[in-house]
Amino acid sequence: MARWCYRHRLVVLVLWVGALFGLGAAGTSAGTDYSNVFSLPDTDSKQAYDLMTKAFPRSSGDTDTVVWRSSGDEGSVTDTAVRSRIEPALKEIAGMRGVGEVVGPYDAKNAAQISRDGRTAFAQITFTDQANGVPKDLVQKVVDTAQDAERDGLRVELGGQAITRIQEPPTGVSEVVGIAAAAVVLFLAFGSLFAMLLPIVVAIMGVGSGMMATMLLSHVTNVPEVAPLLGSLIGLGVGIDYALFIVTRHRRGIQRGLEPEESAVRALNTSGRAVLFAGGTVCIALAGMLVMNLRFLDGVVIATSLTVVLSVLAAVTLLPALLGLLGRRVLSRKQLRKLAAAGPDPAEASGPAARWSAYVQKRPRSIAAMALVVMAVLALPVLSLRLGATDQGNNQESTTTRQAYDLLAEGFGPGFNGPLQVVVPGGAGTTGVVRAIRATDDVAQAAAAPPAGGITVIQVVPKTSPQSVGTDRLIDRLRDDVIPEAGVEAHVGGVTAVFKDFASVTGDRLPYFVGAIIGLGFLLLLIAFRSLVVPLTAALMNLIAAAASFGVLVAVFQWGWGTEFLGIGKEGPITAFLPVIMLSLLFGLSMDYQVFLVSRMHEEWVHTGDNARAVRVGLAETSRVINCAALIMICVFSAFVLSGDMGGAMAGIGLAAAVALDAFILRTALVPAAMHLLGRSNWWLPGWLEGRLPHLAVEPAEPPAESPAGPHKNTPHKNTPHKNTGPRKNTEHIQTAEHIKTAEPEKSGTGGATVVHGFLRTADGDPLAGASVTLVSRGGRQLDRVTSIADGSYIVSVPAPGAYILAVTARGLASRAHHVTVGSGPLVYDVELTDEGAGLVN
């Protein structure tokens with residue numbers, strides 16, 4: 001497919017551009033129909049909601065609030081000087097097209113809309129449409145008209161969902177800032193304008209298509225307002241990262257002498273496979289949210305998963321087409337001149353990444369200890385994590401919605417912004433319930449509305465704010481003590497109660513969710529790397545990263561550390577649905593980095609059988625691109641602080657912290673240090689499990705060029721199998737495949753299973769006994785392992801003709817590994833081991 005896309009690049013490009021514009025036109029004409037469905041099955045607030053819906057059908061329009069407060073010489077809000085300014089403004093607003101009704105406080109039946117001290121009052125504006133459907137110019141006209149009534153001693157502020165829309169930054173600001181920051185990082189990493197643009201173009205195409213498709217899906221299923229924001233957040237991050245992995249591999253191939261087309265095909269066949277695997281794991285982790293059985297999250301899963309799928313599709317189809325358009329221009333002019341003058345680059349990694357990798361190998365214990373201490377300190381705040389909901393009281397102080405919220409709290413009490421509704425079916429015993437509620441601690445007001453449809457609603461205003469712990473305790477007291485003692489059936493509802501139930505259900509189901517995604521990730525890594533220790537290490541690292549990132553989240557958003565600097569408003573509880581979304585994204589992204597890092601280590605381990613070299617080489621060759629990818633994601637995620645949405649800001653900061661800790665501390669320091677300490681145990685897998693696991697190739701090794709050499713024909717000898725007794729220290733220096741003689745298959749008329757046999761010799765020609773000879777499949781599966789006998793001979797079983805890897809290891813001598821091709825008959829292959837480089841690797 002990669003070759004087809006490369007050669008038919010114009011066709012692929014036209015198809016992608018046409019799809020983007022087609023989805024864009026359809027999405028724009030259809031508009032959006034986002035809906036926040038927070039109702040929870042089998043909860044008290046859900047029962048209250050259902051009863052109120054039947055008795056009091058909601059109007060179709062959104063209701064917002066105008067709040068004014070007099071001070072100084074203005075006196076009460078009922079004074080003529082105040083009324084003469086407010087009433088004409090309210091009348092003008094009521095006459096605007098798109099405004100259904102305005103209910104003011106100057107009607108006798110609405111006297112409760114004036115505070116007890118007479119200084120604060122509010123009016124309710126009901127639009128003819130829901131908040132998303134109200135034109136912004138109408139909302140702005142309402143705000144301007146109301147605030148024109150202000151003068152010295154009279155403040156006018158507005159609150160509500162429709163009003164919030166005009167405070168939001170222009171759509172796409174956070175995305176543009178994130179892309180700009182990513183472009184800077186890519187240019188510094190590549191040094192080429194064209195190479196910098198490739199990941200950005202691919203990400204924009206994937207995310208743009210995902211956003212337009214999400215708009216269309218909002219008409220057929222419940223998609224919450226935050227879903228497209230989260231979809232663009234994760235889509236930009238993974239879209240740029242996936243393209244970065246492939247472009248990096250492609251550039252490296254050209255620098256090592258490959259033709260552009262062959263390099264692109266090989267990059268897609270190696271890193272492209274890893275991208276498909278990583279994208280699949282992200283979608284699976286996102287789908288884990290369905291375990292929570294919360295309707296609100298279903299739309300989030302759809303939007304984010306769809307965007308990730310389209311980003312992966314763009315990376316494996318559109319990217320090779322763009323690589324075909326650029327050819328060698330994917331390298332900078334400086335790199336092209338160097339390639340022409342000095343020839344292909346060597347295969348060995350060098351530079352700061354290689355030096356750091358060697359340092360980790362030298363001091364694994366101290367590095368692992370330091371990394372664990374840092375992560376433990378950052379995770380400490382998570383012990384005080386409290387889930388809840390953000391509201392307009394968390395907005396920035398400069399916004400009119402925050403000031404309206406504060407004026408209402410000051411005039412009517414902190415609980416006025418989040419009243420509770422106690423719903424009594426049948427209306428029997430309402431008087432006793434009202435009396436008992438009024439006598440309850442932390443209740444400021446309680447009043448029953450006239451019954452309708454056999455339902456009576458008691459409006460309860462707490463003394464504490466909606467986000468206060470005291471309000472949560474009041475809800476529990478009403479449900480557990482007050483209402484049962486009154487002897488009537490009643491249910492506590494309202495927005496505040498719904499969010500409390502949402503947080504409780506989330507907390508109860510979170511362990512099942514975490515167990516599901518960790519178990520699935522463990523299974524995928526077990527199959528991919530055929531090891532028990534690698535997936536166990538990955539699962540532990542994911543939990544450590546999650547704890548530390550939530551610790552940062554609590555410190556910033558719940559404790560308020562740095563909120564003024566970040567300009568994200570007032571501190572409060574962590575949004576109830578955020579842990580589920582963050583854990584899904586974090587586990588998916590962590591899996592990406594783990595796969596990219598360990599697949600290179602596993603490839604080296606299969607070639608050499610030397611764990612120390614495998615970890616060192618794997619870290620040296622992947623840490624730079626992992627850190628670059630992480631830096632891009634940090635820029636993209638952090639930019640969502642500018643989204644104007646508190647949930648988006650929390651997700652952005654939380655994910656940015658998670659990616660930074662995961663990439664810079666865990667994958668670059670703690671994981672390789674732990675793998676050095678574990679030694680050969682990293683790759684241990686019980687024999688009974690080996691034969692039962694399916695094979696899954698994540699990133700196949702690139703076959704090195706083989707040098708022609710004739711075989712040494714000898715008679716095979718019987719040898720004894722070598723038992724793997726676990727990790728052992730050695731001083732093996734692993735040679736590259738170019739140092740090994742190429743074996744040619746013997747001609748034979750037989751087929752099916754066969755053998756590879758020969759002699760092992762030292763440089764002096766002496767037979768080498770006790771050396772380990774391992775036959776491994778190209779995908780990394782160990783097929784046979786034996787020990788050479790006294791005359792140096794060995795024989796390993798081959799299941800069928802094909803390409804394999806033969807690795808020879810002996811204490812104190814340089815190990816050898818090579819790709820061999822076995823025909824239909826036995827293959828004779830002699831190996832000479834020298835002490836060249838012995839002692840360099842421990």
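Please refer to the structure higher up on the page.
Anyway, here's the lowdown on the structure attached to this text. The model shown is predicted, which means the values in this text are computed figures rather than measured ones.

### With respect to the sheet that holds strand E6 (residues 420–425)
The strands making up a sheet associate through backbone hydrogen bonding, with each pair oriented either parallel or antiparallel. Spatially, E7-E8-E6-E9 is the arrangement adopted by the four strands of the open sheet, whose pairing is antiparallel. The open sheet terminates on both sides in strands that have one partner only, identified here as strand E7 (443–448) and strand E9 (491–493). Here the strands of the sheet are splayed against their neighbours by 25° on average, with no regard to which way each runs.

### Here's the deal with the sheet that holds strand E1 (residues 63–70)
The sheet built from four strands is open, its strands ordered E2-E3-E1-E4 with antiparallel pairing. Each edge of the sheet is formed by a strand with only one pairing partner; in this case those strands are strand E2 (99–103) and strand E4 (154–159). Each strand axis lies, on average, 20° off the axis of its neighbour in the sheet, ignoring direction. Examined bridge by bridge, E2 and strand E3 (residues 120–127) share four bridges and lie antiparallel to one another.

### Quick notes on the packing of helix H9 (residues 226–255) against helix H23 (residues 646–678)
Here H9 crosses H23 at 20°, and the two axes come no closer than 10 Å. Taken together, the axes of H9 and H23 are roughly parallel relative to one another. Crossing of H9 against H23: the hand is right-handed. Residue-level inspection shows Leu229, Leu230 and Leu233 of H9 in contact with H23, the latter providing Gly648, Ala651, Gly652 and Leu655. Taken together, the residues that form the contact of H9 with H23 break down as five nonpolar, two polar and no charged.

### Focus on the packing of aromatic side chains
Scanning the entire structure with this criterion turns up seven aromatic pairs. Summarising the aromatic geometry, the rings of Trp605 and Trp683 are spaced 5.7 Å apart at their centres and angled 15° between planes, so their arrangement reads as stacked. On the criterion of sequence distance, the pair formed by Trp605 in helix H21 (residues 578–608) and Trp683 in the loop between H23 and helix H24 (687–690) is long-range, its members being 78 residues apart. Relative accessible area serves as the criterion here: at 16%, Trp605 is assigned to the buried category. Look at Trp683 and you get buried, because its relative accessible area is 9%. Here the aromatic residues Phe122, Phe412 and Phe416 are joined through ring pairs into a cluster of three or more.

Cut-off values and rules
- Residues numbered from 1 in each chain as written.
- Predicted model: local features only at pLDDT ≥ 70, side-chain atom pairs only at ≥ 80, totals over all residues.
- Heavy atoms only, no water.
- Pairing = 2+ DSSP bridges.
- Helix = DSSP H or I, 4+ residues; strand = E, 2+ residues; numbered from the N terminus.
- Axes fitted to C-alpha atoms, helices over the stretch in contact; angles between N-to-C directions.
- Parallel < 35°, antiparallel > 145°, perpendicular 65-115°, else oblique.
- Left-handed = near helix turned anticlockwise from the far one by under 90°.
- Contact = heavy atoms within 4.5 Å.
- Nonpolar A, V, L, I, M, F, W, Y, C, P; charged D, E, K, R; others polar.
- Phe/Tyr/Trp six-rings, centres within 6.5 Å; stacked < 30°, edge-to-face > 60°.
- Buried < 20%, exposed > 50% of the residue type's maximum accessible area, 1.4 Å probe, protein only.

Geometric descriptors of this kind do not, in isolation, establish any biological role.
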